[in-house]
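Structure at a glance
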Amino acid sequence: MSSNKLIATAKANTNIALIKYWGKRDEKLFLPMNSSLSITLNNFYTITTVEFIEELKEDIFIWDQAPGITKEFKKVSTFLDIIRKEAGMNLHAKVITENHVPTAAGFASSASGYAALAAAATKAIGLHLSLNELSKIARQGSGSACRSIFGGFVEWQKGSLEDGSDSYARQILDENAWNLTILSVMVTAGQKKVSSREGMKRTLETSPFYQGWLSTVDEDMEAVKTAIRNRDFVSLGEVVERNALKMHATMLGAKPPIIYWESGTLEVIHCIQDFRQEGVPVYFTIDAGPNVKVLCEPENEDKVKQVLMELRSVQKVISCNPGAGVRYLSEHLIQ
Ligand code: PMV
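Everything numeric here is computed off the predicted structure, so don't read it as measured data. (Residues numbered from 1 in each chain as written. Predicted model: local features only at pLDDT ≥ 70, side-chain atom pairs only at ≥ 80, totals over all residues. Heavy atoms only, no water.)

On any regular strand, side chains alternate: one points to one face of the sheet, the next to the other face. Within strand E4 (residues 36-53), 16 of the 18 residues are buried, leaving the element largely enclosed by the surrounding structure. Pairing between strand E1 (residues 6-19) and E4: 12 bridges, direction antiparallel. Within E4, the position partnered with Asn13 by the bridge is Tyr45. Pairing of E4 with strand E7 (residues 153-157), which is carried by four bridges, proceeds in the antiparallel orientation. Following the sheet pairing, Ile39 is matched in E7 by Phe153. Pairing of E4 with strand E6 (residues 92-100), which is carried by nine bridges, proceeds in the antiparallel orientation. (Buried < 20%, exposed > 50% of the residue type's maximum accessible area, 1.4 Å probe, protein only. Helix = DSSP H or I, 4+ residues; strand = E, 2+ residues; numbered from the N terminus. Pairing = 2+ DSSP bridges.)

Printed below as a string of structure tokens:
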């Protein structure tokens, strides 16, 4: 590692939205229709090294993921173009990525992936950015990535300017301020049929229920922020669960409809409702896929996990807690 090399390595955690981002007002700049709020998770992350090299004729990618991911390379190159333009530099890059996100467990790696890539590439090319600036860049790779720049509880303010300069994330509570357990529950399912990018576009363009989503999401956001401020787990859980169900309801009205749920999804939902009948405060949220993320307080984690594991359609349950924002590492994946 020599000091004049244009190289940097960053690690970013993925996040789970409590108030969902669903729908873009600008497809190219990744500007959302609504603000969203998430928890950055401690156990699922991506490490990426980027090196800009004069001799390269094109960008090179080394990915530790399944074949088929090559279609993602074009998107990553286009994303690097944004950073090259910002830095006024035309060099191509070698990008090495290690994903520690169990994509099979229903977490998209795009949030941690683009957050780590944005951090490593901007540092390697010599840009000195604030975290807000970095969040705006990450947003243009994948919307949810703008939230993974920060740790703990994070809000992505939708902004209103056309150029997106006021659309970025900010931390509202750090990862040590309120410990919660997030269980990622993987159910038996086939391949995801519709990407979140396509799913939100179709919903916005065709679902008569989308207006209903938009007209209540600000209230949900305020209720969640109040619950976080008061460390009120029950109020938090109630809004989070309803918000996720409303997002999925908009998709049922899309043309053609989008149904991400499988029978196992419902089995987990019913199990969570049974817990509440018995007085245990447990809530769920679901992204653009069949798997369920369960929220509970740490003292109930073992009991909830054990019951979930016994369900017929549950394959795996992985525990997480609130985690840190993006970090730079001194050891590079490229030597
Ligand atoms: O930014 P994307 O393409 O990963 O879309 C995220 C969509 C949801 O996961 C369903 C909601 C969210 O806010 O993360």
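Let us look at the nonpolar core. Membership of the largest hydrophobic core comes to 73 residues, with the highest contact counts inside it found for Trp22 and Leu236. Top element by residues in this core is helix H2 (residues 110-124). It accounts for nine residues. Both of domain 1 (6-177) and domain 2 (181-320) provide at least three residues apiece to this core. When neighbours within four sequence positions are excluded, Leu236 is seen to be in contact with Leu18, Trp178, Leu180, Val224, Ala227 and Ile228. Counting 20 residues, the second largest nonpolar core, distinct from the first, contains Leu183, Val294, Leu308 and Val317. (Core = buried A, V, L, I, M, F, W, Y, C linked by side-chain atoms within 4.5 Å. Domains from an automatic or database assignment. Contact = heavy atoms within 4.5 Å.)

It is worth spelling out helix H8 (residues 301-309) at this point. One turn of an α-helix holds 3.6 residues; hence residues three or four places apart share an orientation. Within H8 the residues assigned to the buried category are Glu301, Val304 and Leu308. Seen along its axis, H8 keeps its buried residues to an arc of 75°; they face one direction. Counted as exposed and oriented over 90 degrees from the buried face of H8: Asp302 and Gln306. Contact partners of the buried residues in H8: strand E9 (181-187), helix H7 (263-277), strand E10 (282-285), strand E11 (292-296) and strand E12 (314-320). (Arc of directions from axis to C-beta.)

Let us now look at the packing of H7 against H8. For the pair H7 and H8, the least separation of the axes is 11 Å and the interaxial angle reads 140°. On the basis of their axis angle, the class for H7 and H8 is oblique. Handedness of the H7/H8 crossing: right-handed. On H8, the residues touching Val268, Cys271, Ile272 and Phe275 of H7 are Lys303, Val304, Val307 and Leu308. Its residues assigned to classes, the contact of H7 with H8 comprises seven nonpolar, no polar and one charged. (Axes fitted to C-alpha atoms, helices over the stretch in contact; angles between N-to-C directions. Parallel < 35°, antiparallel > 145°, perpendicular 65-115°, else oblique. Left-handed = near helix turned anticlockwise from the far one by under 90°. Nonpolar A, V, L, I, M, F, W, Y, C, P; charged D, E, K, R; others polar.)

Below, the discussion takes up the packing of aromatic side chains. Taken as a whole and judged by the stated rule, the model has seven aromatic pairs. With a centroid separation of 4.7 Å and an interplanar angle of 65°, the aromatic rings of Tyr21 and Trp156 are classed as edge-to-face. Placement of the pair is Tyr21 in the loop between E1 and strand E2 (24-26) and Trp156 in strand E7, with a sequence separation of 135 residues. Given a relative accessible area of 0%, Trp156 falls into the buried group. Between Trp63 and Phe73 the ring centres are 5.1 Å apart and the planes differ by 50°, which places this aromatic pair in the tilted class. You can see Trp63 sitting in strand E5 (residues 60-63) and its partner Phe73 sitting in helix H1 (residues 70-87), a full 10 residues away along the chain. Through a chain of ring-to-ring contacts, the aromatic side chains of Phe61, Trp63 and Phe73 assemble into a single cluster. (Phe/Tyr/Trp six-rings, centres within 6.5 Å; stacked < 30°, edge-to-face > 60°.)

Close to the ligand lie 14 residues, the nearest being Tyr21, Ser142, Ser144, Arg147 and Ser196. Ser142 places a polar side-chain atom, nitrogen or oxygen, 3.2 Å from an oxygen atom of the ligand. A distance of 2.9 Å separates an oxygen atom of the ligand from a polar atom in the backbone of Ser144. When the ligand is considered free in solution it has 380 Å² of accessible area, and contact with the protein chains removes 91% of it. Here the residues of the shell around the ligand sort into six nonpolar, five polar and three charged. Lining the shell around the ligand are residues from two domains, each supplying at least three of them: domain 1 (6-177) and domain 2 (181-320). (Near = heavy atom within 4 Å. Polar contact = N/O pair within 3.5 Å; in protein donor to acceptor, adjacent residues only side chain to side chain. Areas by Shrake-Rupley, 256 points an atom, 1.4 Å probe, with all protein chains shown as cover.)

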